[in-house]
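# Per-entry structural report
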Amino acid sequence: EAGVAQSPRYKIIEKRQSVAFWCNPISGHATLYWYQQILGQGPKLLIQFQNNGVVDDSQLPKDRFSAERLKGVDSTLKIQPAKLEDSAVYLCASSPSGPGEQYFGPGTRLTVT
Amino acid sequence: RKEVEQDPGPFNVPEGATVAFNCTYSNSASQSFFWYRQDCRKEPKLLMSVYSSGNEDGRFTAQLNRASQYISLLIRDSKLSDSATYLCVVNKGANNLFFGTGTRLTVIP
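Remember, predicted model here, so these are calculated numbers, not experimental data.

### Some points on the pattern of salt bridges
Residue and element names in this part refer to chain A. Using the criterion set out here, one finds six salt bridges over all chains in the structure. Taking the shortest distance from any N to any O, the salt bridge between Asp 86 and Arg 64 comes out at 2.5 Å. In this pair, Asp 86 is assigned in the loop between β8 (75-79) and β9 (88-95) and Arg 64 in the loop between β6 (53-56) and β7 (65-68), connecting sequence segments 22 residues apart.

Written as structure tokens, this is what we have:
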């Protein structure tokens, strides 16, 4: 079974630029998550989708971050404009409906200079 | 107060040693609990769920104490391959997971 796919794997941008990340979850998984993991910290949930609806985006900095999940499958996370403190690994995860294991993609490592 | 708190370590232990990690959580309504493992520059992966009655998987034992709101992970007979960061994870419901900062373990030959 294919895992969660993410691209790009690495991205370096200057502050105030824009960036977008893409995620393709495991086939059939209804729930999709975006996490931000800053070096030395655990992953922090940014947004959770159930199919194509948002379940929780309380920790998403909405002034600069946006995310969508078209047709309840792939998802994109965008940052516009980026700040230095956005440097982190952005992890996408998916899970079947209901509580249980989340499967993570390899992440996108973002460096903002 | 953080949702989940862990000692970041690092824990440096010799091969064959037994090591234990604890984690506390703040929300008494938390529904389910997990330990995830994260290797350096890799994504987190589920190590084991934590059940109220405690559970064991080979050399790994997880315990939950709801009254004191803490979770533990015990690793017996440590192997070099156990070197990783261990993330304590709490599910508050709707599959909304809160991750601790992780405890780094290094097993030394």
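That covers the picture; the talk isn't over yet.
### Notes on the environment of Val89(A)
Residues and elements named next belong to chain A. Among the secondary structure elements, Val 89 is positioned in strand β9. Overall, the relative accessible area of 13% leaves Val 89 in the buried class. Sequence separation between Val 89 and Gln 48 is 41 residues; the distance between their C-alpha atoms is 17 Å. Setting aside chain neighbours within four positions, we find Val 89 in contact with Tyr 35, Gln 36, Gln 37, Gly 107, Thr 108 and Arg 109.

### Some remarks on unusual backbone geometry
With an omega dihedral of -10 degrees, the bond running from Ser7(A) to Pro8(A) counts as a cis peptide bond. With respect to the helices and strands, Pro8(A) occurs in the loop between β1 (5-7) and β2 (10-13). Cis rather than trans, the peptide bond between Gln80(A) and Pro81(A) has omega equal to -5 degrees. Along the chain, the position of Pro81(A) falls in the loop between β8 and β9. Located in the positive-phi region is Lys71(A), a residue other than glycine, with phi close to 60 degrees. Residue position: Lys71(A) is located in the loop between β7 and β8. A relative accessible area of 79% means that Lys71(A) is categorised as exposed. Of note in this structure, Gln69(B) is not a glycine but carries a positive phi near 55 degrees.

### Some points on the state of the cysteines
Summed over all chains, the structure comprises two disulfides over all chains. The disulfide bridge from Cys23(A) ends at Cys92(A), spanning 1.9 Å between sulfur atoms. Between Cys23(A) and Cys92(A), the S-S torsion sits near -70 degrees, and that sign places the bridge as left-handed. Of the two residues, Cys23(A) sits in strand β3 (residues 19-24) while Cys92(A) sits in strand β9, which places them 69 residues apart along the sequence. Here Cys23(B) engages in a disulfide with Cys88(B); their sulfurs sit 1.9 Å apart. The chirality of the disulfide connecting Cys23(B) with Cys88(B) is left-handed, given an S-S dihedral of about -70 degrees. Of the two residues, Cys23(B) is situated in strand β3 (residues 19-25) and Cys88(B) in strand β9 (residues 84-91); the sequence distance between them amounts to 65 residues. Neither residue differs from the other here; Cys23(B) and Cys88(B) are each classed as buried.

### A word on the interface of chain B and chain A
Taken together, the contacts link 17 residues of chain B with 22 residues of chain A. Here chain B packs against chain A, burying approximately 1500 Å² in sum over the two surfaces, 48% of which is carbon and sulfur. In this structure, the connection of chain B to chain A is made through zero salt bridges. Scanning the region where chain B abuts chain A turns up two residue pairs in polar contact (both at pLDDT 80 or more). Tallied by class, residues from the side of chain B that touches chain A come to nine nonpolar, six polar and two charged.

Conventions we followed
- Residues numbered from 1 in each chain as written.
- Chains lettered and ligands numbered in written order.
- Predicted model: local features only at pLDDT ≥ 70, side-chain atom pairs only at ≥ 80, totals over all residues.
- Heavy atoms only, no water.
- Salt bridge = Lys/Arg side-chain N within 4 Å of Asp/Glu carboxyl O.
- Helix = DSSP H or I, 4+ residues; strand = E, 2+ residues; numbered from the N terminus.
- Buried < 20%, exposed > 50% of the residue type's maximum accessible area, 1.4 Å probe, protein only.
- Contact = heavy atoms within 4.5 Å.
- Disulfide = S-S within 2.5 Å.
- Buried area = accessible area lost by both parts, 1.4 Å probe.
- Polar contact = N/O pair within 3.5 Å; in protein donor to acceptor, adjacent residues only side chain to side chain.
- Nonpolar A, V, L, I, M, F, W, Y, C, P; charged D, E, K, R; others polar.

Keep in mind these numbers describe shape, not what the thing actually does.
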